[in-house]
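So you can see what is in the structure, the chains are spelled out below.
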Protein chains: 2
Amino acid sequence: MKISELSRRSGVSIPTIKYYLRDGLLPHGQVTATNQADYSEEHLRRLRLIRTLVEVRRLPVSAVKEILGAITEEGDLHQIFGIVLDARPATRHQKQARQEQTAGQDEAPGVADARKLITEMGWEVSSSTTAIQTLGAVLDALSAMDSDINWQSLLPYAQLTDRISELDVQQMNGVSGLLELAERAVLVSVLLEPALLALRRLAQEDKSARLFSGSRDEGGDI
Amino acid sequence: MKISELSRRSGVSIPTIKYYLRDGLLPHGQVTATNQADYSEEHLRRLRLIRTLVEVRRLPVSAVKEILGAITEEGDLHQIFGIVLDARPATRHQKQARQEQTAGQDEAPGVADARKLITEMGWEVSSSTTAIQTLGAVLDALSAMDSDINWQSLLPYAQLTDRISELDVQQMNGVSGLLELAERAVLVSVLLEPALLALRRLAQEDKSARLFSGSRDEGGDI
């Protein structure tokens, strides 16, 4: 297809496509005439993944290059999932955790509790997964607040998020091709995050209204 | 109690307490002698909430003042929940949504779908809740990506988040006093967010390993 059709079908503007071509994110098409090149469905798939990584994941071009390179090398969806998820910018908690580690300090007590929770759930995860640090930092923050919410209190949450993750992997059904799978992994893992938090917020407002509201109407504009 | 004990029990340094006193976030204690004041349990509770709002919610002092003022006025936990949750910094999606609205444009199609989901779930929420805009923006982004994930696909997620919100409100059990309830509302609604996303990430890695991994070991260092 011509670059104009590639642009139309991908939703990426021609100038942006040309930028990706110059930058090496997108391989050049087959030259058919002076100033004209032919682009394949593979170009389209790759361009859509680039668009998703840049627009949804807000990744710098350098990180997109890394991911595209890794996807081309790896044939394993589990690894693609990991690449896509781990490329995520570290949260404040994760940064704190890393600083503590680089400062050569011991693992925070919350991280040890996070590992207990993971064992209790029977989850097979890499011990270096940053999510363990995030979870540990939250548990540390809770105990610093003298809160009685601890890793055991999070078990029912873990059971529900386990079921959410089953829905997540179901979203990969019927998707074939590494680029499409990687794109879907980004959509499901990253783009759904604000949606899940928004759903929780809405459900909280509903429960809060039913359980705590003295008068429903006054809660109206919250 | 003396300011030294207030500091010890709240985990807030004396200079910070003095700053909060000067700034009016914390009412002055009862003067017992020159350069000495007596602080009550109420001071401690208020100080702990301030600490939570500043350290956990990362709110500016001005916003903390607003919340404390509102909590003192409102006697309704539903309203406190709303105050605490709505004081949240707007996400990119919410800002976009607001810009679109201020630009006088029509409601995005995703927002209409978000309202369908809310109706389907039977949730009683204010139509102005920003979470509706967030959810709508995600649905718009998904369709812009030509993804087949739509508001119906999110229903099973909504059912699980509904059960999560039931766990959330259970965390308020046995907590009494508006300041304590507000503090707990912040802990549960805000501090648990990164924990829930981390739990989902861990569960995803587990499912991904079980379902997609060619060889478990290679997934090791993801």
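One structure accompanies this document, and this report is about it. Throughout this description, residue numbers start from 1 for each chain and increase along the sequence as written. Ligands are numbered from 1 and chains lettered from A, in the order in which they are written. Side-chain atom pairs in this predicted model are given and counted only at pLDDT of 80 or more, local residue features only at pLDDT of at least 70, and totals for whole chains, interfaces and linings cover all residues. Hydrogens and water molecules were not included; the side-chain quantities draw on all heavy atoms of the structure.

Attention now moves to the pairing of strand β1 (residues 30–33) of chain A. Residue and element names in this part refer to chain A. Bridge analysis of β1 against strand β2 (residues 36–38) gives 3 bridges, and the strand direction is antiparallel. Among the inter-strand pairings, Val-31 is bridged to a residue of β2, identified as Ala-37. Two strands pair if DSSP finds at least two bridges between them. Helix and strand assignments come from DSSP, with helices taken as H or I runs of at least 4 residues and strands as E runs of at least 2, each series counted from the N terminus. Between the antiparallel neighbours β1 and β2 lie 2 residues, among them Asn-35 with a positive phi of about 60°.

Moving on, we come to the packing of aromatic side chains. Residue and element names in this part refer to chain B. Aromatic pairs are defined between Phe, Tyr and Trp rings, using the six-membered ring for Trp, whenever the two ring centres lie within 6.5 Å; interplanar angles under 30 degrees are classed as stacked, those over 60 as edge-to-face, and all others as tilted. In total, this model carries 2 aromatic pairs over all chains according to the counting rule given. Ring geometry for Tyr-19 against Tyr-20: centres 5.7 Å apart, planes inclined by 50°, an arrangement best described as tilted. What makes Tyr-20 buried here is its relative accessible area of 7%. Exposure categories follow from relative accessible area, calculated using a 1.4 Å probe and restricted to protein chains: below 20% of the type maximum is buried, above 50% is exposed, and the middle band is partly exposed.

Below, the discussion takes up the pattern of salt bridges. Should a side-chain nitrogen of Lys or Arg be within 4 Å of a carboxyl oxygen of Asp or Glu, the pair is scored as a salt bridge. Inspection of the entire model under this criterion finds 30 salt bridges over all chains. Linking Glu-42 of chain B and Arg-45 of chain B is a salt bridge whose minimum nitrogen-to-oxygen distance equals 2.9 Å. Of this pair, Glu-42 of chain B and Arg-45 of chain B both sit in helix α3 (residues 41–56), 3 residues apart, which is roughly one turn of the helix. Between Arg-45 of chain B and Glu-180 of chain B there is a salt bridge, with its nearest N and O atoms 3.1 Å apart. Here Arg-45 of chain B, found in helix α3, pairs with Glu-180 of chain B, found in helix α10 (residues 178–212); they are 135 residues apart in sequence, far enough to count as distant. On the basis of relative accessible area, Arg-45 of chain B is assigned to the partly exposed category, the value being 31%. Judged by relative accessible area, Glu-180 of chain B falls into the partly exposed class, the value being 23%. If you follow the salt bridges from partner to partner, you end up with Glu-124 and Asp-162 of chain A together with Asp-206, Lys-207 and Arg-210 of chain B in one network.

Taken by themselves, the reported measurements are silent on function.
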